[in-house]
Amino acid sequence: QVQLVESGGGLVQAGGSLRLSCAASGSIFSINAMGWYRQAPGKQRELVASITSGGRTKYADSVKGRFTISRDNAKNTVYLQMNSLKPEDTAVYYCNAYINPSSNYWGQGTQVTVSS
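How each quantity is defined
Residues numbered from 1 in each chain as written. Predicted model: local features only at pLDDT ≥ 70, side-chain atom pairs only at ≥ 80, totals over all residues. Heavy atoms only, no water. Helix = DSSP H or I, 4+ residues; strand = E, 2+ residues; numbered from the N terminus. Buried < 20%, exposed > 50% of the residue type's maximum accessible area, 1.4 Å probe, protein only.

A. Main features of the environment of Gly-8. Residue position: Gly-8 is located in the loop between strand 1 (2–7) and strand 2 (10–13). Sequence separation of Gly-8 and Val-112 is 104 residues, and the distance between their C-alpha atoms is 8.6 Å.

B. Focus on unusual backbone geometry. Its identity as a non-glycine residue notwithstanding, Asn-76 has a phi of 50°, on the positive side. Within the secondary structure layout, Asn-76 lies in the loop between strand 7 (67–72) and strand 8 (77–82). By relative accessible area, which is 31% here, Asn-76 ends up partly exposed. The phi angle at Ser-84 is positive, at roughly 50°, despite the residue not being glycine. Since its relative accessible area comes to 40%, Ser-84 is described here as partly exposed.

Next up, the structure:
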């Protein structure tokens, strides 16, 4: 079992920045990758960024150059630094821990709202 606790969401004006944090606990040794997903009203959940246990990162085209995913292994925490935020970034952001194709864990979600 893996537990994920997210923090850092909020309301920000367009062009502003936010940093999301996701603290993992439990069977963290089994985690192969962690990622951030988001879901806007009426839309499907989509991958925003991910980072593997080896440090390889992946980003959605819509956030490349603006968002950065990183991790602090000592704190078992993954971060998503979001800069140059746009109103279309408004969504609930979810942290994900990937173990294998049949085992994923999700955080409770944190709301990010970008005003124009």
